[in-house]
Amino acid sequence: MTWLIVPDLMPPAEMCAAVLQDLSLPALSTLLARSKRVTATATTSTEAALCAHFQIPYQQDYPIAPICLAADGGKPEQYYWLRADPVHLRATRDQLMLVDSGAFSISQIEAELFAQAFNEYFKDDGYLLYPLRPDRWYLRVAKIPQLRTTPVNQVTGKHIDPHLPQGADSLAWHRFYNEIQMLFFSLAVNDAREQRGELPINSLWCWGGGVMPDIPRMATGKLWTNDPNIRAMALLANMPNDALPDNINNINDDAIVILDQLTGAAQYGDYYGWREAMLVLEQNWFAPLLSQLKAGQIKQLRITTHTPTHQYEWLCQRIDLWRIWRRTPLTQQLTSL
């Protein structure tokens, strides 16, 4: 089976018809119309779907932080870790919108300056910040917080208030975030960034908390993705993985392919960019996959995407392509609940 996970495949319901208007996607239309569509609420993100695949149990969050820490060369040991990614919070009227590190650059030297200031300020509070990569920082906490968090990629381009940590310790962590913002505002490293015309890093976004889980070894399959978080899962599961190529060439059956080309445009409401990315996916992925399915080169195609409330899947085998009476319009297929 070839499993495509396509984040942001579904535009917002109120925009679906307008975004897809006059957009020629015959291969995708055929694949979705002839497939069996399954809707579920069990998982609502790519990370959650892959954790289920790799048999990684849910803790308070899916424990992305210790998994990525280990893949980046750190030692999770018995501690509770959170990803603490550097972000820029932009004021819009009376709310704050999150901009993640995909929109700015940061050097390792800068990351260590932020961590040094953080660790000095919070040295008596049981927090320790490790910037193992310029854009992937990790927070070790002395006491496990009662928190549920939202992955940073689900908040990028959005106002943060609905996505702040929830749980018994949430109010304390909201205050913690405020302290971080005040600390970072005063740092010389941020003054230097602004003088160079770069976005200041004025907060952290904590998510993916947990202790290191046991991850079963995967016997078959290969993962193709540019997402370092998901590649970290595959690495620890001993599953072969590689960067996403430009097209389907050289990808065999029994593969998991994460097509995230729509995400950047979707996060910031760039619907022209989303349409252009869809045309590239149609040419390089959906049309070749439809041809391979017709020729019997792949046994089954599974296409998965997520909204904040549901997981949507389409399952298609070669025999399903003969059901030519199935002609559900693409706008209807891509309309979420």
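All figures in this text were calculated on a predicted structure; none of them were measured in a lab.

The next thing to look at is helix α3 (residues 46–53). Extensive coverage of α3 is indicated by the burial of six of its eight residues. Among all positions in α3, only Thr46, Glu47, Ala48, Ala49, Leu50 and Cys51 are buried. Residues of α3 that are buried in the fold lie against β1 (2–5), α4 (64–71), α8 (228–236), β10 (255–258), β11 (300–306) and β12 (311–317).

Relative to strand β6 (residues 136–141), strand β5 (residues 127–133) is paired through five bridges, and the arrangement is antiparallel. Note on β6: the bridge partner recorded for Arg133 is Arg136. Taken together, β5 and the strand that follows it, β6, pair antiparallel across an intervening segment of two residues.

The angle between the axes and the distance between the axes are what describe a pair of packed helices. Put simply, helix α5 (residues 108–121) and helix α6 (residues 170–185) touch, their axes get as near as 11 Å, and they point 125 degrees apart. In terms of orientation, α5 lies oblique with respect to α6. Between α5 and α6 lies a crossing of right-handed hand. Counting all contacts with α5, which are made through Phe114, Ala117, Phe118 and Tyr121, the residues of α6 involved are Phe176, Glu179, Ile180, Leu183 and Phe184. Of the residues in the contact of α5 with α6, the class split is eight nonpolar, no polar and one charged.

Relative to the helices and strands, Arg302 resides in strand β11. At 2.7 Å, the side chain of Arg302 forms a polar contact with the side chain of Glu313. Leaving out residues up to four positions away in the same chain, Arg302 has contacts with Met1, Thr2, Trp3, Leu4, Glu313, Trp314 and Leu315.

Attention shifts here to the packing of α4 against α8. Relative orientation of the contacting elements α4 and α8 amounts to 70 degrees, with a least axis distance of 9 Å. Put simply, α4 runs roughly perpendicular to α8. Where α4 abuts α8, its residues Ile64, Ile67, Cys68, Ala70 and Ala71 lie against Asn229, Ala232, Met233, Leu235 and Leu236.

Quick look at the state of the cysteines now. Scanning all chains against the criterion turns up zero disulfides. The closest cysteine sulfur to the non-disulfide-bonded Cys68 is located on Cys51, 9.4 Å from its own sulfur. Using a relative accessible area of 2% as the deciding quantity, one classes Cys68 as buried. Cysteine Cys206 remains unbridged, with the sulfur of Cys68 as its closest cysteine sulfur at 14 Å. Relative accessible area serves as the criterion here: at 2%, Cys206 is assigned to the buried category.

Before going further, it helps to spend a moment on the domain arrangement of the protein. A common way to report how large an interface is uses the accessible area buried once the components associate. When its domains are assigned, the protein resolves into domain 1 (2–56 + 216–334) and domain 2 (64–211). Placing a centre on the C-alpha atoms of domain 1 and another on those of domain 2 gives a separation of 30 Å. Summed over both sides, the interface between domain 1 and domain 2 buries roughly 1,200 Å², with carbon and sulfur atoms accounting for 64% of that surface. For domain 1, the biggest contributors to the area lost against domain 2 are Asn229, Gln267 and Tyr268; these three give 45% of the whole. Our count for the domain 1 to domain 2 interface comes out at zero salt bridges. For the interface between domain 1 and domain 2, the tally reads three residue pairs in polar contact (both at pLDDT 80 or more). Elements represented by at least two residues in the side of domain 1 that touches domain 2 include exactly α3 and α8. Of all the elements, α8 adds the most residues to the side of domain 1 that touches domain 2, at six residues. For the side of domain 1 that touches domain 2, the class distribution of residues is eight nonpolar, four polar and one charged.

Time to look at the sheet that holds strand β2 (residues 36–40). The mixed open sheet is built from seven strands, whose spatial order is β2-β12-β11-β1-β10-β8-β9. Either end of the sheet is taken by a strand with one partner, and the two such strands are β2 and β9 (241–242).

Cut-off values and rules
- Residues numbered from 1 in each chain as written.
- Predicted model: local features only at pLDDT ≥ 70, side-chain atom pairs only at ≥ 80, totals over all residues.
- Heavy atoms only, no water.
- Buried < 20%, exposed > 50% of the residue type's maximum accessible area, 1.4 Å probe, protein only.
- Helix = DSSP H or I, 4+ residues; strand = E, 2+ residues; numbered from the N terminus.
- Contact = heavy atoms within 4.5 Å.
- Pairing = 2+ DSSP bridges.
- Axes fitted to C-alpha atoms, helices over the stretch in contact; angles between N-to-C directions.
- Parallel < 35°, antiparallel > 145°, perpendicular 65-115°, else oblique.
- Left-handed = near helix turned anticlockwise from the far one by under 90°.
- Nonpolar A, V, L, I, M, F, W, Y, C, P; charged D, E, K, R; others polar.
- Polar contact = N/O pair within 3.5 Å; in protein donor to acceptor, adjacent residues only side chain to side chain.
- Disulfide = S-S within 2.5 Å.
- Domains from an automatic or database assignment.
- Buried area = accessible area lost by both parts, 1.4 Å probe.
- Salt bridge = Lys/Arg side-chain N within 4 Å of Asp/Glu carboxyl O.

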